[in-house]
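Coordinate analysis (summary)
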Amino acid sequence: LNVAHLGEAGVTEWRQLDTSIQTAATLVDHRLRVILGRNDQVSSLVKSLRKTAERVRVVSLHAAMEAERSNSNQHNFGQVAQEIRDLGNRLDVAALNVERILRGVEERVQGNLQALESFHGQLQDSLDYFKDVAQSLHDTHVCLSEADTRLQEGGSLLRRQEQEIRHMQECT
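Residues numbered from 1 in each chain as written. Predicted model: local features only at pLDDT ≥ 70, side-chain atom pairs only at ≥ 80, totals over all residues. Heavy atoms only, no water.

Focus: a nonpolar patch on the surface
- Residues Y129, F130 and V133 make up a contiguous nonpolar surface patch of roughly 270 Å² in combined accessible area.
- Mapped onto the fold, Y129 is located in helix α2 (residues 74-171).
- Residue class for Y129 comes out exposed when judged on its relative accessible area of 52%. (Patch = residues over 30% accessible without salt bridge, like charges linked within 9 Å, V, L, I, M, F, W, Y side chains within 5 Å. Areas by Shrake-Rupley, 256 points an atom, 1.4 Å probe, with all protein chains shown as cover. Salt bridge = Lys/Arg side-chain N within 4 Å of Asp/Glu carboxyl O. Helix = DSSP H or I, 4+ residues; strand = E, 2+ residues; numbered from the N terminus. Buried < 20%, exposed > 50% of the residue type's maximum accessible area, 1.4 Å probe, protein only.)

Here you go:
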């Protein structure tokens, strides 16, 4: 009889745990999506960096052309043009590195979101299983209660018959 009650209590406790886990999962999901949103913002900045790198290379090209035209300061213009070109290349490399990092972060976040969804599905399956077990325990409890009632009724009937037999034996 207590087993059925324990099963129902277990399901109640499991539901409370499931609710707590769902709350935590929702919070984690929200934070992961915020990270993805920030990832988009950083991606936008990287695009801006790449455009800046391209513009810097154009400026270096113009500086090199100007150095060619002006023979007197050719060496100075050439150095400036090379520095600007190097700066553009460093900006481009930095942008590529940031893009690589962002892709890695996004892949991990997406993987975590999928794992979270899978975990929630497993929890739901477990909860459904415990509900089934609790229902089976409840059904068993009902059957045992009915059997106990019938046994008590049978015992009462048997005692009355024994009393009648004794009474008949005493009368004879």
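Read on for the rest.
A short note on the pattern of salt bridges
- Applying the stated criterion to the full structure yields two salt bridges.
- A salt bridge links R50 to D92, with the shortest nitrogen-to-oxygen separation between them at 3.4 Å. Taken together, the positions of R50 in helix α1 (residues 2-69) and D92 in helix α2 put the pair 42 residues apart, joining distant regions of the chain.
- R50 gets classed as partly exposed once you look at its relative accessible area, which sits at 30%.
- The exposure class assigned to D92 is buried, which follows from its relative accessible area of 19%.
- What emerges from the salt-bridge pattern is a single network uniting R50, D92 and E99.

Some details on the environment of G37
- Inspection of the secondary structure puts G37 in helix α1.
- The spacing of G37 and Y129 is 92 residues in sequence and 37 Å in space, taken between C-alpha atoms.

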